[in-house]
Amino acid sequence: MKGALGSYIDIAQVMLYLFWVFFACLIYYLHRENKREGYPLEHDGPSRKIVQGWPAVPKAKIFHLRDGTTRSSPPINSIEPPLNASAVGRSLGTPMDPHGDAMLAAVGPGSYAMRADVPDMTFDGHPKLVPLSVATDYHLETADPDPRGMPVFGADGEVGGTVKDVWVDRAEYILRYIELEVKAADGPARVLLPMTAARIRNGRVTVNSIYGQHFANVPRTRNADSITLLEEEKVMAYYGGGNLYAHPSRQEPLA
């Protein structure tokens, strides 16, 4: 009987079954790990109950950062922006009607995540995004246009402000924001414009996502020379929300 095991067991079939079991476990593991971001969900109905689905959200992993703080994935007791909107219908999945200023309601294209309210830092512990007036060891390429001093126009052709500075990413060596001076209700103020939302040509900066009157309400930074991760979310969300809410006509069908 020695060496006869292979005569009674199909080794190839056993390996195939083992592979199926392994692959099923791999799918289960990956699907569960995928729920470390964005879960648990909140039901769209009036009960607003928490939904985890199957499999359930995995146990949180704790990451210890070099500054002594910790982060968990999925987040423990995460806080979301308040829901400043109401459903237009009773069925699930109906559109949300924002309350008040739609561009500041944090819904739809103007929604944002509650990231840490601290600046993003470089490897050596300095704020990553700063004005060019602070990052004096950086400069604009002479072959590129210098937007400082240029007027900024909204999608309606109205002037919203004047460029006073540009913000550089010390880690990526690119421009991230344009700093504007605008006329706000409480007097002149400085706000930021993402470079991805701006077009610089013919001695002017144009923005298609918002109108000239909207620049005064752009969320401001707590510090004049740095911006936190949460503040970045709010600034980006404001311009994103303008694509839909800057004018009522933008919420209508294209044809």
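Here the residue numbers are simple positions, counted from 1 along each chain's written sequence. Residue-level local features of this predicted model are given only where pLDDT is at least 70; pairs of side-chain atoms are given and counted only at 80 or more, and the full residue set underlies all totals for whole chains, interfaces and linings. Hydrogens and waters are ignored; side-chain quantities use all the structure's heavy atoms.

Turning to its location among the elements, Glu-232 is positioned in helix H3 (residues 229-245). Accessibility here uses a 1.4 Å probe with only protein chains present; expressed as a share of the type maximum, an area under 20% marks a residue as buried, one over 50% as exposed, and anything in between as partly exposed. For the purpose of charge, His is not counted, nor are the chain termini; Lys and Arg are scored as positive and Asp and Glu as negative. Salt bridge criterion: a side-chain nitrogen from Lys or Arg within 4 Å of a carboxyl oxygen from Asp or Glu. Buried and without a salt bridge, Glu-232 has Arg-176 as its closest oppositely charged side chain, separated by 4.8 Å. Any pair of residues with heavy atoms lying within 4.5 Å of one another is described as a contacting pair. In this structure, Glu-232 is in contact with Leu-129, Tyr-177 and Ile-227, ignoring residues within four places of it in sequence. Secondary structure elements are defined from DSSP: runs of H or I of at least 4 residues count as helices, runs of E of at least 2 residues count as strands, and each element is numbered from the N terminus.

Turning our eyes to something else, we now look at the confidence of the model for the protein chain. The predictor reports its confidence for every residue as pLDDT, a score running from 0 up to 100. Summary statistics for the protein chain give a mean pLDDT of 87 and a share of 95% for residues scoring 70 or more. Averaged over each element, pLDDT in the protein chain is lowest for helix H1 (residues 5-8) (62) and highest for strand S8 (residues 151-153) (96).

Here the expected span of a helix is defined as 1.5 Å times the quantity of residues minus one. End to end, helix H2 (residues 11-33) covers 33 Å across 23 residues, agreeing with the expected 33 Å (1.5 Å per residue, within 8%). What qualifies as a polar contact is a pair of N or O atoms within 3.5 Å, subject to a donor-acceptor requirement within protein and to the restriction that residues adjacent in sequence count only when both atoms come from side chains. Of the residues that open H2, the one with a side-chain oxygen 3.2 Å from the backbone nitrogen of Ala-12 is Asp-10.

Mapped onto the elements of the fold, Thr-162 is located in strand S9 (residues 159-169). Residues Thr-162 and Glu-181, 19 residues apart in the sequence, show an inter-C-alpha distance of 5.4 Å. Non-local contacts of Thr-162, meaning those with residues more than four positions away in its chain, are made with Gly-149, Met-150, Glu-179, Leu-180 and Glu-181.

It is worth spelling out unusual backbone geometry at this point. Pro-55 follows Trp-54 through a cis peptide bond whose omega is -5°. Within the secondary structure, Pro-55 is located in the loop between strand S2 (50-51) and strand S3 (61-64). The backbone phi angle of Ala-106 is positive, close to 60°, even though this residue is not glycine. Ala-106 gets classed as buried once you look at its relative accessible area, which sits at 15%. The phi torsion at Asn-202 lies on the positive side, around 55°, for a residue other than glycine. Examined against the element boundaries, Asn-202 turns out to sit in the loop between strand S12 (199-201) and strand S13 (204-206).

Before going further, it helps to spend a moment on the environment of Thr-206. Turning to its location among the elements, Thr-206 is positioned in strand S13. On the basis of relative accessibility, which here comes to 18%, the residue Thr-206 falls in the buried class. Apart from the residues within four sequence positions on either side, Thr-206 is in contact with Phe-153, Ala-197, Ala-198, Arg-199 and Arg-201.

Next up on the list: the pairing of strand S10 (residues 174-184). Paired strands are those between which DSSP finds at least two bridges. Bridging between S9 and S10 involves seven bridges; their strand directions are antiparallel. Across the sheet, Asp-165 pairs through a bridge with Glu-179, a residue of S10. Here S9 hands over to S10 after four residues, with Tyr-173 in that stretch at a positive phi of 60°. By the bridge criterion, eight bridges tie S10 to strand S11 (residues 187-194) in an arrangement that is antiparallel. Bridge assignment links Val-182 to a residue of S11, and that residue is Ala-189. Following S10, the chain reverses through two residues before pairing antiparallel with S11.

Let us look at the layout of surface pockets. Only protein atoms enter the 1 Å grid, on which a cavity is a set of points fitting a 1.4 Å probe that cannot get out and a pocket is an open set with protein on both sides within 12 Å along at least 5 of 7 lines, lining residues being those with an atom within 4 Å of a point. Grid points are joined across faces, edges and corners, and a volume is the space filled by probe spheres set on the points. If you add up the space inside the second largest pocket, you get close to 250 Å³. Lining of the second largest pocket is provided by 14 residues; of these, His-139, Leu-140, Glu-141, Asp-144 and Leu-175 occupy positions nearest its centre.

What follows deals with a nonpolar patch on the surface. Together, Leu-16, Tyr-17, Phe-19, Trp-20, Phe-22, Phe-23, Leu-26, Ile-27, Tyr-29 and Leu-30 line one region of the surface with nonpolar side chains, adding up to about 1000 Å² of accessible area. The residue Trp-20 is located in helix H2 in this model. A patch is a set of surface residues, each over 30% in relative accessible area and not in a salt bridge, joined within 9 Å for like charges and within 5 Å for the nonpolar side chains Val, Leu, Ile, Met, Phe, Trp and Tyr. Each accessible area value is a Shrake-Rupley result obtained with a 1.4 Å probe; residue values ignore everything except the protein chains displayed when judging cover.

Two rings belonging to Phe, Tyr or Trp (six-membered ring only in the last case) form a pair when the distance between their centres is within 6.5 Å. Interplanar angles under 30 degrees mark stacking, angles over 60 mark edge-to-face geometry, and anything in between is tilted. Applying the stated criterion across every chain, the model contains five aromatic pairs. Taking 5.8 Å as the distance between ring centres and 25° as the angle between the ring planes, the aromatic pair formed by Phe-19 and Phe-23 counts as stacked. Note that Phe-19 and Phe-23 are positioned in helix H2 at a spacing of four residues, about one turn of the helix. For Phe-19, a relative accessible area of 46% corresponds to the partly exposed category.

Further remarks concern H3. Compared with an ideal rise of 1.5 Å per residue, which puts 17 residues at 24 Å, H3 spans 24 Å between its outermost C-alpha atoms and is within 8% of the ideal. Across the 17 residues of H3, 12 count as buried, placing the element largely inside the fold. For H3, the elements touching its buried residues are strand S6 (96-98), strand S7 (129-131), S10 and S11.

The side chains of a regular strand alternate between both faces of the sheet. In the sheet, S3 pairs with strand S4 (residues 70-73) via four bridges, with the strands oriented antiparallel. Note that in S4 the partner of His-64 across the bridge is Thr-70. The antiparallel pairing of S3 with S4 creates a hairpin that spans five residues between the two strands, and Gly-68 there sits at a positive phi of about 95°.

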